[in-house]
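Summary of the model geometry
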Amino acid sequence: MFSFCHNKLLYNIELVISILVLLSCVYNYIESPRMMCLLNSCRNPTFMTMVSMFPRAVAITCMISRFTAMYKNISAIHNYKKKIKDYEVYYPMSVAKENLRRFFIIFVAILYSILIIPFNVYRLYLLYYYLKNIMINLFFVLTYLQNVSMSMTEIQFMLHCSGLYVKFQSINEDMSTMKSKMILLNRYPFVLKSEGRKSIDLYPSARNIELLKMRHQFVCESVSNLNEIYSIQIGMSICVLFVMLLFDVYEAVTTKLAQTKTPLLLYVWLIQYIFRFVIVILTSYVTTKEGHRTKMLITDIHNRNLDSRTKEELRLFLNQACNHSIEFTTFDFLTLNTHLITSAIVAGTTYIVILLQFR
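As a convention, each chain's residues are numbered from 1 in the sequence order in which they are written. pLDDT decides what is reported in this predicted model: residues at 70 or higher carry local features, side-chain atom pairs at 80 or more are listed and counted, and totals for whole chains, interfaces and linings draw on all residues regardless. Only hydrogens and water are set aside when side-chain values are computed; all heavy atoms of the structure are taken into account.

Here we take up a nonpolar patch on the surface. On the surface, a nonpolar cluster with roughly 710 Å² of combined accessible area is contributed by Val 26, Tyr 29, Ile 30, Ile 60, Ile 64, Ile 232, Phe 331 and Phe 333. Counting from the N terminus, the helices are the DSSP runs of H or I reaching at least four residues and the strands are the DSSP runs of E reaching at least two. Examining the composition of the nonpolar patch, we find that three residues originate from one element, helix 1 (residues 2–39), more than from any other. You can see Ile 30 is positioned in helix 1. Patch membership is restricted to residues that have no salt bridge and whose relative accessible area is over 30%. Joining uses 9 Å for like charges and 5 Å for the nonpolar side chains Val, Leu, Ile, Met, Phe, Trp and Tyr. The method behind every accessible area is Shrake-Rupley, applied with a 1.4 Å probe, and residues are considered shielded solely by the protein chains displayed. A carboxyl oxygen of Asp or Glu within 4 Å of a side-chain nitrogen of Lys or Arg is what we treat as a salt bridge.

See the structure below:
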């Protein structure tokens, strides 16, 4: 009863926060041209549109991301967490792996906080000190809160993603132990038999392979579920981070900075966008890579001297691993891997060079 009331209270609080964030996004989208003109003396409508693109991009991205999260939280997130808890009842995470996962998330959260909170507060101080306009400060407070909202979604995604990585890792460790036993048996068969050890204890049984296959299938399906839940939010975050990065790089190269936007702030923002862009993609990529590693271990074990039933289970396991997609994608279009980082570098460099040529 207490647990139900506690979960209901948390859900209601999250719902209220989401509604307030959505309202702030609408406000910022409407007020962006006026506020940016107060900050930068607008010379013409084209310039006004250009300077308002940055806060509007943040507002639209946050609004879509938050609205999607509200919709997904109705059932998808709850069902996903319940499935993971049920799985961990039978295959609990080791203490060492749980501590390593917690350390990773805490480390990422601390870096997010260091790169976002103090420098945004410093920018708000500069805005108030030089402009003395409460409405401009309110506008940027809402913008920075929307940025924090997207950051929280990214951290939540990485939290779940790292949990799936640990589960893939546990399966692969069991497969590696099985492979080591097979290598040992194939190398010293007569010595092991003379020591009175039963060869059946060293051979991977069909039953063990079947259990590993079931575990791997569950984690692969969890990857698909997580991808379905966070695809839109992470896709929007990655897109807006890339756009903001281009804006700041172009501004650093071509524009004389105002008193309210120092070089320190600009460079820290660049580091923040790069870090968030890279860490989300790398977390997804490492999880995917660990899932694909199972195929190599299955093939290595299958090439050993095994009974026909076990070989058949290994063959079925390999077919299952090959047929299940464990890639993280956004909008079913962009795959979160290292190629996306290199593509972003190439596209961003090309864009900046073209802008500089026509400046």
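Next comes the rest of the account.
One way to put it is that helix 9 (residues 263–302) packs onto helix 10 (residues 308–323) with a least axis distance of 10 Å and a crossing angle of 160°. The angle between the axes of helix 9 and helix 10 places the two elements in the roughly antiparallel class. In this structure, helix 9 meets helix 10 at a crossing whose hand is left-handed. Taking contact as the criterion, the partners of Thr 294, Lys 295, Ile 298, Thr 299, Ile 301 and His 302 in helix 9 are, on helix 10, Lys 311, Leu 314, Arg 315, Phe 317, Leu 318, Ala 321 and Cys 322. Charged residues are taken to be Asp, Glu, Lys and Arg, nonpolar residues to be Ala, Val, Leu, Ile, Met, Phe, Trp, Tyr, Cys and Pro, and polar residues to be all remaining types, Gly included. Partitioning the contact of helix 9 with helix 10 into residue classes produces seven nonpolar, three polar and three charged. In this analysis an axis means a line fitted to C-alpha atoms, helices contributing only their contacting stretch, and an angle means the value between N-to-C directions, from 0 to 180 degrees. Each angle gets one of four labels, with under 35 degrees taken as roughly parallel, over 145 as roughly antiparallel, 65 to 115 as roughly perpendicular, and the rest as oblique. Note on convention: near helix rotated counterclockwise from far helix by under a right angle means a left-handed crossing. Clockwise means right-handed. Only heavy atoms enter the contact rule, under which two residues are in contact if any of them lie within 4.5 Å.

Okay, the packing of aromatic side chains next. Within a pair of aromatic rings, the relevant descriptors are the distance that separates the centres and the angle that separates the planes. We call Phe, Tyr and Trp rings a pair once their centres come within 6.5 Å, taking the six-membered ring for Trp, and we label the pair stacked below 30 degrees between planes, edge-to-face above 60, and tilted otherwise. A full pass over the atoms with the stated rule returns ten aromatic pairs. Measuring from ring centre to ring centre gives 6.3 Å for Phe 103 and Phe 107, while their planes differ by 15°; the resulting arrangement is stacked. Of this pair, Phe 103 and Phe 107 are both found in helix 4 (residues 95–131), four residues apart, which corresponds to roughly one turn of the helix. We call a residue buried when its accessible area falls under 20% of the maximum for its residue type, exposed when it is over 50%, and partly exposed in between, using a 1.4 Å probe and counting protein chains only. A residue is classified by how much of its surface remains accessible, and Phe 107, at 44% relative accessible area, is partly exposed. When the ring of Tyr 129 is compared with that of Tyr 130, the centres are 5.0 Å apart and the planes differ by 90°; the resulting orientation is edge-to-face. For Tyr 130, a relative accessible area of 38% gives the class partly exposed. Taken together through their ring pairs, the aromatic side chains of Tyr 87, Tyr 91 and Phe 218 make up a single cluster.

Right, let's talk about the nonpolar core for a bit. Tyr 112, Phe 140, Phe 157, Met 158, Met 175 and Leu 226 are the most contacted members of the largest nonpolar core, which totals 75 residues. Beyond its immediate stretch of four places on either side in the chain, Leu 226 contacts Tyr 80, Phe 157, His 160, Cys 161, Leu 164 and Phe 328. Only buried residues count toward a nonpolar core, which is a set of Ala, Val, Leu, Ile, Met, Phe, Trp, Tyr and Cys residues joined through side-chain atoms within 4.5 Å.

On the secondary structure map, Gln 169 appears in helix 5 (residues 134–187). On the basis of relative accessible area, Gln 169 is assigned to the buried category, the value being 19%. Setting aside residues no more than four positions away along its own chain, Gln 169 makes contact with Lys 97 and Glu 290.

Attention now goes to the confidence of the model for the protein. Confidence of the predictor at the level of single residues is given by pLDDT, which spans 0 to 100. Here the protein shows a mean pLDDT of 83. Residues at 70 or above account for 84%. Ranking the helices and strands of the protein by mean pLDDT puts helix 4 first, with 92, and helix 7 (residues 199–202) last, with 42. The low-confidence segment residues 190–202 (pLDDT under 50) makes ten contacts with residues lying over four places distant or belonging to another chain.

Here the focus is unusual backbone geometry. Positive phi, normally seen in glycine, also occurs at Lys 132, with a value near 55°. Given the relative accessible area of 52%, Lys 132 is considered exposed.

All right, on to the side chain of Arg 66 then. Of note, Arg 66 is situated in helix 2 (residues 45–73). We call two N or O atoms a polar contact when they sit within 3.5 Å, provided that within protein one can donate a hydrogen and the other can accept it, with sequence-adjacent residues counted only if both atoms are side-chain atoms. Looking at Arg 66, its side chain comes within polar contact range of the side chain of Ser 18, at 3.2 Å.

Turning our attention to the environment of Met 178. Relative to the assigned elements, Met 178 resides in helix 5. Owing to a relative accessible area of 10%, Met 178 belongs among the buried residues under this scheme. In this structure, the C-alpha to C-alpha distance between Met 178 and Leu 297, residues 119 residues apart in sequence, is 9.3 Å.

Let's shift gears to helix 10. Helical geometry note: an α-helix holds 3.6 residues per turn, so side chains three or four residues apart project in the same direction. Multiplying one less than the number of residues by 1.5 Å gives the expected span of a helix. Compared with the 22 Å implied by 1.5 Å per residue over 16 residues, the 22 Å span of helix 10 between its first and last C-alpha is a close match. Where helix 10 is concerned, the buried positions are Thr 310, Glu 313, Leu 314, Phe 317, Gln 320 and Ala 321. For helix 10, the angular spread of buried residues about the axis comes to 120°, placing them on one side. Exposed residues lying more than 90 degrees from the buried face of helix 10 are Ser 308 and Asn 323. An arc is given here, and it is the one of the directions from the helix axis to the C-beta atoms.

The next point concerns the pattern of salt bridges. What the rule picks out here adds up to 13 salt bridges. The partner of Glu 210 in a salt bridge is Arg 207, and the shortest N-O contact between them spans 3.7 Å. Of this pair, Glu 210 and Arg 207 both sit in helix 8 (residues 206–254), separated by three residues, roughly a single helical turn. With a relative accessible area of 27%, Glu 210 lands in the partly exposed category. For Arg 207, a relative accessible area of 48% gives the class partly exposed. Among the salt bridges present, the one from Glu 290 reaches Arg 293, with a minimum N-O distance of 3.3 Å. Note that Glu 290 and Arg 293 are positioned in helix 9 at a spacing of three residues, about one turn of the helix.

Turning to the packing of helix 4 against helix 9, a few remarks are in order. Across the interface, helix 4 lies against helix 9 with an axial gap of 11 Å and an inter-helix angle of 155°. One element, helix 4, and the other, helix 9, form an angle in the roughly antiparallel class. Seen along the crossing, helix 4 lies across helix 9 with a hand that is left-handed. Residues Phe 104, Val 108, Leu 111, Tyr 112, Leu 115, Ile 116, Phe 119, Asn 120, Tyr 122, Arg 123 and Leu 126 of helix 4 form the contact with helix 9, whose participating residues are Leu 264, Leu 265, Val 268, Trp 269, Ile 271, Gln 272, Phe 275, Arg 276, Ile 279, Val 280 and Thr 283. A per-class count over the contact of helix 4 with helix 9 returns 17 nonpolar, three polar and two charged.

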